[in-house]
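Fold and contact review
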Amino acid sequence: MAEWKARLRSALTSWDAVVLLAFILVAVIGALTIDGVASPRFWRFVTLEAIPIVLIALPLTLVVITGEIDLSVASMLGLTCVVLGQLWIWGVSSLPLLIGICLLLGGALGAVNGLFVTRFGLPSLAVTIGTLALYRGLAYVVLGDRAVADYPQSWTTGAIRPIPGTTIPWMILVVAGLAVAFGVVLYATPIGRGLYAMGNSAEAARFSGISVARTKFWLFVATGAMSALAGVFWTLRFASARADNGTGLELAIVAAVLLGGVSIFGGRGGLVGVIAAVALLVTLRNALQLAYVPANTLTIVTGSLLILSVVGPNVAGMLRERLRRRRARVGIADPTPTAAT
Amino acid sequence: MRAGTPRVRVAALAALAALTLATTSACADDETPTAGSTSGSPSATAIRSGLKIAFLPKQVNNPYFDTSDNKGGKVAVEEFGGSYTQTGPSEASPSAQVSYINTLSQQGTDVIVVSANDKDAICGALNEARTGGAKVVTYDSDTNPTCRDLFINQATAEGIAKSQIKLISDAIGPDGGEIAILSATANATNQNAWIEMMKTELAKPENAKLKLVDTVYGDDDDQKSFAEAQGLLAKHPNLIISPTTVGVAAAARYLSGSDFKGKVQLTGLGTPNQMRAYIKDGTVKSFALWNPADLGYLAAYAGAALASGVISGNEGDTFTAGKLGQFTVGPDATVLLGDPFTFDETNIDDFDF
């Protein structure tokens, strides 16, 4: 229990807190200075935009913590969209069945990634750059330049229906449930501790009895399935299945994961920071858009934030390390030499 | 680049003058309820001043849309005293466009003039903006008719075919000659529709001296179009029509470096930046495309007319679009810009796209 508390405290005093604070600052300053940010409609649009990013960022955070990466997420989303569209054309008219098929498909696509990485020992960066192109290509094979758009209105409005009495779409509850599930796995189970161990040293993790290969394989499968779920939401939200759905989204997701404090080298980071980072990025972009900031400037802002996200935690870590060393040098007399780190 | 500005300004002045004239004549015989009575500037077209008009192209930083929006839409909006903005994503994706539509509707924009990246994907957002009171005009690329109030159509197949035949016939003179068409891909819907219309046009007695002998396909690939143009001239004809921007530029490049330069006439659909050199060196006398500046100008006026209640978008509604004159709403709530615009050495330097 004490260990659990310490874990929680360290999660909240680190980079996570910085990102969360940045998000709150942007929201408050935006609401005070930009007309419209305080309105419920604004937050509805922000939520709609954030949902697919969070859905994919959840499993991807775990993947990156183990020291791997999956760049094919947006292509898996796109392929799921067109398969959903094609099945609908062929007459599959049960939404639960369609969702089920899409999740299985996503899981299978993720399994291909996982197999190459764990069975053949290939670097995930190379494998998923390959499947990024491969899955997008397959999406074009399925639908070409056609679009499938004639879904029942109950589906398309159902996907974005607000929680009664609010403007916030109900899908946020699904996202929140999944976030809690992923959070429990990461923070409160031996598997979660194992993921950090893998990121720090796959060798050590292997010797400690964790099946590195099997765990990573299932993380890739989970990433595929969550990308597929995001694909279903994407298709219904925009009422359009096209082969280019979500092109480039992987960059937004990876940006959020890194800005959220997850180390690209693995072993560090958590879900709180990542979710806060998604909220920060989407809110900032929408607020600036509302303030008539042109697209070119927005790209620069996002790019700078990303650089900051890579530099920030490293500088923080360096400072902490220097502080620790100085303390160590000052004296063994210090009663709590390393508890704070 | 700057070369276009004085001309545009002159055009704007002329349009203003025309508008003033129209005002005096219309006020005499018409009891138009002036929606802009509080603004103190009554107008026959009754376009309210102070309208917020936003152009949302497929993407920003695109020379075509910078011409249509900043050289056309902006001029129009300034004429009727509205406030103009151009906004949009830096990549041409429907989801990014949706985000901008949401922003525009939150900003209380009166008119959204949009070129759709996907005819369905932006529908929900557009309809939400319309529920919020915005009028939606599409230009360049339409959405589903259910999600917009008007579509400004740049050209019809018939108009394009007619102008192509006229240009080639003018270029060769009364003696006529053999024509070959250098098209895009064999199954390109729009190209085939235009070619069919050209055949109809060629069957008319006044075009009896023009004879279509061959149609080849350059697949909208520069190298292949270049090779096809080469192959055509090795065979027979003395005239080429290429109703595709890639094909016409490739054919012009081949002609300008060959012995056929000046002997073989070429025309087609092209953009000024691609064709400028060949107009200047005499390889090509003229070519056609719609004028994007006029397209944006008309779209702005149509949107303003909608927002001011001058028209409601029904077939038969008429409105005046400044210097371009009067337009009538056609079937499916579309407004046709008119015949394609002809570019030649007298005007090509006014354009940069």
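Predicted, not measured: the structure shown is a model, and the values here were computed from it. (Residues numbered from 1 in each chain as written. Chains lettered and ligands numbered in written order. Predicted model: local features only at pLDDT ≥ 70, side-chain atom pairs only at ≥ 80, totals over all residues.)

Let's talk about the overall build of chain B
Short version of the rule: Put simply, DSSP H or I for four residues or longer makes a helix, DSSP E for two residues or longer makes a strand, and each gets a number counted from the N terminus. Buried, partly exposed and exposed are defined by the number of other C-beta atoms within 10 Å of a residue's own C-beta, namely 20 or more, between the two limits, and 12 or fewer respectively, with C-beta atoms placed from the backbone.
Scanning chain B for helices and strands turns up 10 helices and 14 strands. Counting across all 353 residues of chain B, residues that qualify as buried make up 50%.

Regarding the overall build of chain A
Which entries qualify depends on this criterion: Computation of the radius of gyration draws on C-alpha atoms, with the globule rule given as 2.2 Å multiplied by the number of residues to the power 0.38.
Along chain A, the regular secondary structure elements total 14 helices and 2 strands. Since a compact globule built from 341 residues should have a radius of gyration of about 20 Å, the 21 Å found for chain A is in line with a globular shape. Seen through its principal axes, chain A has C-alpha atoms that stretch 75 × 55 × 40 Å. Here chain A, with 341 residues, has 46% of them falling under the buried criterion.

Thoughts on the sheet that holds strand β9 (residues 265-268) of chain B
Residues and elements named next belong to chain B. How we decide: Any two strands with at least two DSSP-identified bridges between them are counted as paired. Between N-to-C directions, angles cover 0 to 180 degrees, with each direction set by a line fitted to C-alpha atoms, over the stretch in contact for helices. Contacts are defined on C-beta atoms placed from the backbone: any two residues whose C-beta positions lie within 7 Å are in contact.
Pairing in this open sheet of 4 strands is parallel, and the strands run β7-β6-β8-β9 from one edge to the other. Since the sheet does not close on itself, it has two edges, and those belong to β7 (210-217) and β9, each with one partner. Taken over all neighbouring pairs, the strand axes of this sheet differ in orientation by 20° on average, direction set aside. Taken together, the 7 bridges between strand β6 (residues 177-183) and β7 define a ladder with parallel strand orientation. Bridging from a neighbouring strand, S183 pairs with Y217 of β7. Here helix α6 (residues 189-202) sits on the sheet in contact with β6 and β7, set at roughly 165° to β7. With respect to the sheet, helix α7 (residues 222-235) is in contact with β6, β7 and β8 (239-242), its orientation differing from that of β6 by roughly 160°.

Side note on the interface of chain A and chain B
Short version of the rule: For this classification, Asp, Glu, Lys and Arg are treated as charged, while Ala, Val, Leu, Ile, Met, Phe, Trp, Tyr, Cys and Pro are nonpolar and the rest, including Gly, are polar.
Facing 21 residues of chain A, the contacting portion of chain B comprises 21 residues. Taken together, the elements giving at least two residues each to the side of chain A that touches chain B come down to α3 (40-65), α13 (271-290) and α14 (295-330) of chain A. Here the side of chain A that touches chain B gets 4 residues from one element, more than from any other, and that element is α3(A). For the side of chain A that touches chain B, the per-class residue count stands at 9 nonpolar, 9 polar and 3 charged.

Overview of the pairing of strand β4 (residues 135-139) of chain B
Residues and elements named next belong to chain B. Applicable threshold: Here, the term right-handed applies to a crossover whose path from the first strand over the helix to the second runs clockwise when the strands point away from the viewer.
With 5 of 5 residues buried, β4 lies mostly within the body of the structure. Of the two faces of β4, both are covered, the one formed by K135, V137 and Y139 as well as the one formed by V136 and T138. Relative to β4, strand β3 (residues 111-114) runs parallel, the two being bridged by 4 bridges. What sits directly across from I112, in β4, is V136. In this region the chain leaves β3, passes through helix α4 (residues 123-131) and returns to the parallel neighbour β4; the handedness of that crossover is right-handed.

Some details on the nonpolar core
For clarity, the threshold we go by: To count as a nonpolar core, a set of buried Ala, Val, Leu, Ile, Met, Phe, Trp, Tyr and Cys residues must be joined through C-beta atoms within 7 Å. Domain extents, as shown, originate in an automatic or database domain assignment.
Of all hydrophobic cores here, the largest spans 200 residues; its most connected members are A256(A), V278(A), V113(B) and A302(B). There are two domains that each give this core at least three residues, and those are domain 1 (4-154 + 291-339) and domain 2 (157-289) of chain B. Look past the residues within four positions of V278(A) in its chain and what remains in contact with it is A50(A), I53(A), V54(A), A57(A) and A256(A).

Details of unusual backbone geometry
Residue and element names in this part refer to chain B. Of note, the phi angle at N61 is positive, near 65°, even though the residue is not glycine. Here N61 is to be found in the loop between β1 (52-56) and α2 (63-79). Classification of N61 by C-beta neighbours within 10 Å gives partly exposed; the count is 13.

Some remarks on the pairing of strand β2 (residues 83-86) of chain B
Residues and elements named next belong to chain B. In this sheet, β2 lies alongside β1 in parallel orientation, the contact comprising 4 bridges. Among the inter-strand pairings, I53 is bridged to a residue of β2, identified as Y84. Note on the crossover from β1 through α2 to β2: the handedness is right-handed.

Points about the sheet that holds β2(B)
Residue and element names in this part refer to chain B. The parallel open sheet is built from 6 strands, whose spatial order is β2-β1-β3-β4-β5-β13. Edge positions in the sheet fall to β2 and β13 (334-336), since each has one partner strand and no second. Strand-to-strand twist in this sheet, taken as the mean axis angle between neighbours without regard to direction, amounts to 20°. Packing of helix α10 (residues 292-307) onto the sheet brings it into contact with β1, β3, β4, β5 (150-153) and β13, and relative to β4 it is tilted by some 160°.

Considerations on the packing of helix α2 (residues 15-33) of chain A against α13(A)
All names here are of chain A. What counts, and what does not: Throughout this description, any angle smaller than 35 degrees is read as roughly parallel, any larger than 145 degrees as roughly antiparallel, any in the 65 to 115 degree range as roughly perpendicular, and the remainder as oblique. By definition, any crossing whose near helix is turned counterclockwise from its far helix by less than a right angle is left-handed, and any crossing with a clockwise turn is right-handed.
Put simply, α2 and α13 touch, their axes get as near as 8 Å, and they point 25° apart. Put simply, α2 runs roughly parallel to α13. Seen from above, α2 lies across α13 with left-handed handedness. Listed contacts from α13 to W15, D16, V19, L20, A22, F23, V26, A27 and G30 of α2 are V272, G273, A276, A277, A279, L280, T283, L284 and A287. Counted by class, the contact of α2 with α13 contains 14 nonpolar, 3 polar and 1 charged residues.

Section: the confidence of the model for chain A
Operational definition: pLDDT is defined as a per-residue confidence score from the predictor, taking values between 0 and 100.
Residues at a pLDDT of 70 or more form 93% of chain A, whose mean pLDDT is 89. Taking the mean pLDDT of every element in chain A, the minimum, 64, falls on helix α1 (residues 2-13) of chain A and the maximum, 97, on helix α5 (residues 95-118) of chain A.

Some details on the environment of W194(B)
Residues and elements named next belong to chain B. Here W194 is to be found in helix α6. The exposure class of W194 is buried, given the 25 C-beta atoms found within 10 Å. Linking W194 and G159, residues 35 residues apart in sequence, is a C-alpha distance of 9.0 Å. Ignoring anything within four residues of it in the chain, the contact list for W194 reads A157, I160, A161 and P243.

Structural notes on the confidence of the model for chain B
Residues and elements named next belong to chain B. Averaged over every residue, the pLDDT of chain B is 85; the share at 70 or more is 87%. This model gives residues 1-44 a pLDDT under 50, and the stretch forms 44 contacts once residues within four places in sequence are excluded. The ipTM value of the predicted complex is 0.81, and its pTM value is 0.79.

Describing the packing of α3(A) against helix α12 (residues 249-259) of chain A
Two quantities define a packed helix pair, namely the angle between the helix axes and the distance between the axes. All names here are of chain A. As a packed pair, α3 and α12 sit with axes 9 Å apart at the nearest point and diverge in direction by 55°. By the angle between their axes, α3 is oblique relative to α12. Crossing handedness for the pair α3 and α12: right-handed. Each of I53, I56, A57, L60, T61 and V64 in α3 lies in contact with α12, whose residues at this interface are A252, I253, A256 and V257. Across the contact of α3 with α12, the residue classes tally to 9 nonpolar, 1 polar and no charged.

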